[in-house]
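Residues per chain are reported as follows:
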Amino acid sequence: MKFSVLVPRKIAQAGIDYLENNGCTVDVQQEMTTDELKGSIQHYDAVVLRTNIINSEIIANATKLKIIARYGVGLDNIDIEAATNREIYVTNTPTANINSVAEHVVGLILSISRQINKVDRAVREGDFSIRNTSPGTELKGKVLGILGLGNIGKLVAEKCALGFGMKVIAYDPYIDQPMIDYISIENDLERLIKQADFISLHLPYNTSNHHLFNKEKIGWIKRSAFLINAARGGLVDEEVLATSLKEKSIAGAALDVFEQEPPCLNHSLWELDNIIVTPHIAALTNEAMNEMSIDCAKEIVRIKNKEQPHFWVNKQEMTEKSFRRKAFK
């Protein structure tokens, strides 16, 4: 029998072609619901996961499943513990979309610093005089504070430091020494936030950092500074942010991600002109989507061929589980 792969939400054709050319049957759906996924998961050896949630109930039904291949980096929509307990590999694509996301972050920084959304709307409405009342902010010499110095954070730092002459400081609890000469490590989060002219979030989301940017931390941001979030929506308390933007206690914000996606139509942020919002598209360039789909497909084919995946997220947990099982036989 062929190795069966479920794609609950359409991915780039390159990955589907790779799977089919390597002996897999692929079932591509447009947009499966959680209930539909739960009801059909037992028929598949592998699943390519975009934004669908795979919780413990779905994993309990996944009697054939061998791998969950995450189309992207974030893992907050997968119950990794439940997958590990069933000895299901979990992989992601940590290198496929880093340039796409980094470029989008730089675009958000440029857009909010020059108030592009506000002046664009004014010109369309016939107000050319907006040019006299809405000066922008240059990036050269400004301090960029990066929270999370993984692949994307490092690339944003490179583009902003070398491309725009910004001073980059970074906070990452797992890094205490500068790795690159144009990045300074700041071990005190409050000190970083208070120094930064732009703050860009590049952290994974989990329960421990839910609303990391709460009333206290947003209160540390300078009145002239901007907050950028293209990581995960749950990192920022959106209601507190809306209040701060409305009161002009911070200069502006740019968000590509939200706590609830899609966000509600009457969100308190929508009435403000000192924020730019995009619909979770940082990773969605043609190039990145092709790379993510191919990387997912390659991991699935490796499992099909009984090889070890390259980007194995739960490797340590599965290895320990296997060791314990053998030890007690």
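Just so we're clear, the structure is a prediction, and the values are computed from it rather than from any experiment.

1. Quick word on the overall build of the chain
- The number of helices and strands found in the chain is 12 helices and 12 strands.
- Against the compact-globule benchmark of 20 Å for 329 residues, the chain has a radius of gyration of 22 Å, which places it among compact chains.
- Expressed as lengths along the three principal axes of its C-alpha atoms, the size of the chain is roughly 70 × 45 × 35 Å.
- Considering only residue pairs separated by 6 or more positions, the chain has 62% of its internal contacts joining residues 24 or more positions apart.
- Per element, the accessible surface of the chain, about 16,400 Å² overall, is 49% carbon and sulfur.

2. Some words on the side chain of Ser244
- Along the chain, the position of Ser244 falls in helix 10 (residues 238–246).
- The exposure class of Ser244 is buried, given its relative accessible area of 9%.
- Non-local contacts of Ser244, meaning those with residues more than four positions away in its chain, are made with Ile218, Ser249 and Ile250.

3. Let's talk about the nonpolar core
- Ranked by size, the top nonpolar core spans 53 residues in total, and within it Val5, Leu144 and Ile300 carry the most contacts.
- When residues of this core are assigned to their parent elements, the largest contribution, eight residues, is made by helix 5 (residues 98–113).
- Ranked by size, the runner-up nonpolar core spans 31 residues in total, among them Ile193, Ile218, Val236 and Leu269.

4. So, the pairing of strand 10 (residues 226–229)
- Going residue by residue along strand 10, you find Phe226 and Ile228 tucked away on one face and Leu227 and Asn229 tucked away on the opposite face as well.
- In this sheet, strand 10 lies alongside strand 9 (residues 198–201) in parallel orientation, the contact comprising four bridges. Note that in strand 10 the partner of Ser200 across the bridge is Ile228.
- Viewed along the sheet, the connection from strand 9 through helix 9 (residues 215–220) into strand 10 turns out right-handed.

5. Quick notes on the pattern of salt bridges
- Within this structure, the stated rule accounts for 11 salt bridges.
- Here Arg9 ties to Glu31 by a salt bridge, and the two come within 3.3 Å at their closest N and O atoms. Of this pair, Arg9 sits in the loop between strand 1 (3–7) and helix 1 (13–21) while Glu31 sits in the loop between strand 2 (24–28) and helix 2 (34–40), and the two are 22 residues apart along the sequence.
- The partly exposed category is assigned to Arg9, whose relative accessible area is 26%.
- Salt bridges sharing common partners tie together Asp45, Lys64 and Lys66.

6. Notes on the sheet that holds strand 5 (residues 89–91)
- One open sheet holds the five strands; their spatial order is 2-1-3-4-5, and the pairing between them is parallel. Looking at the sheet topology across the chains shown, the edges are occupied by strand 2 and strand 5. Going from strand to strand, the sheet's axes swing by 20° on average, the running direction of each strand aside.
- Both strand 1 and strand 3 (residues 46–49) contribute to a ladder of two bridges, which runs parallel. Its bridge partner being in strand 3, Val5 is matched across the sheet by Ala46.

7. A closer look at the packing of helix 5 against helix 7 (residues 151–164)
- Closest axis-to-axis distance for the helix 5/helix 7 pair is 9 Å, and the angle between their directions is 50°. It follows from the interaxial angle that helix 5 and helix 7 lie oblique. As helix 5 packs across helix 7, the resulting crossing turns out to be right-handed. Contact with helix 5, carried on its side by Ile98, Asn99, Val101, Ala102, Glu103, Val105, Val106, Ile109 and Leu110, involves Asn151, Ile152, Leu155, Val156, Lys159, Cys160 and Phe164 of helix 7 and no other residues of that element.
- Residues that form the contact of helix 5 with helix 7 fall into these classes: 12 nonpolar, two polar and two charged.

8. Notes on the packing of aromatic side chains
- For the structure on display, the rule yields three aromatic pairs.
- The interplanar angle of 50° and the centroid separation of 4.9 Å between the aromatic rings of Tyr89 and Trp312 together place this pair among those described as tilted. Residue Tyr89 is located in strand 5, and its partner Trp312 is located in the loop between helix 11 (286–304) and helix 12 (315–327); the two are separated by 223 residues in the primary sequence.
- With a relative accessible area of 23%, Tyr89 lands in the partly exposed category.
- Relative to Phe226, the ring of Phe198 has its centre 5.0 Å away and its plane inclined at 15°; by these criteria the two rings are stacked. Here Phe226 lies in strand 10 and Phe198 lies in strand 9, a separation of 28 residues in the sequence. Of the two residues, Phe198 and Phe226, neither departs from the other in class, the shared state being buried.

What counts, and at which threshold
Residues numbered from 1 in each chain as written. Predicted model: local features only at pLDDT ≥ 70, side-chain atom pairs only at ≥ 80, totals over all residues. Heavy atoms only, no water. Helix = DSSP H or I, 4+ residues; strand = E, 2+ residues; numbered from the N terminus. Rg over C-alpha atoms; globule rule 2.2 N^0.38 Å. Contact = heavy atoms within 4.5 Å. Areas by Shrake-Rupley, 256 points an atom, 1.4 Å probe, with all protein chains shown as cover. Buried < 20%, exposed > 50% of the residue type's maximum accessible area, 1.4 Å probe, protein only. Core = buried A, V, L, I, M, F, W, Y, C linked by side-chain atoms within 4.5 Å. Pairing = 2+ DSSP bridges. Right-handed = clockwise from strand over helix to strand, strands pointing away. Salt bridge = Lys/Arg side-chain N within 4 Å of Asp/Glu carboxyl O. Axes fitted to C-alpha atoms, helices over the stretch in contact; angles between N-to-C directions. Parallel < 35°, antiparallel > 145°, perpendicular 65-115°, else oblique. Left-handed = near helix turned anticlockwise from the far one by under 90°. Nonpolar A, V, L, I, M, F, W, Y, C, P; charged D, E, K, R; others polar. Phe/Tyr/Trp six-rings, centres within 6.5 Å; stacked < 30°, edge-to-face > 60°.

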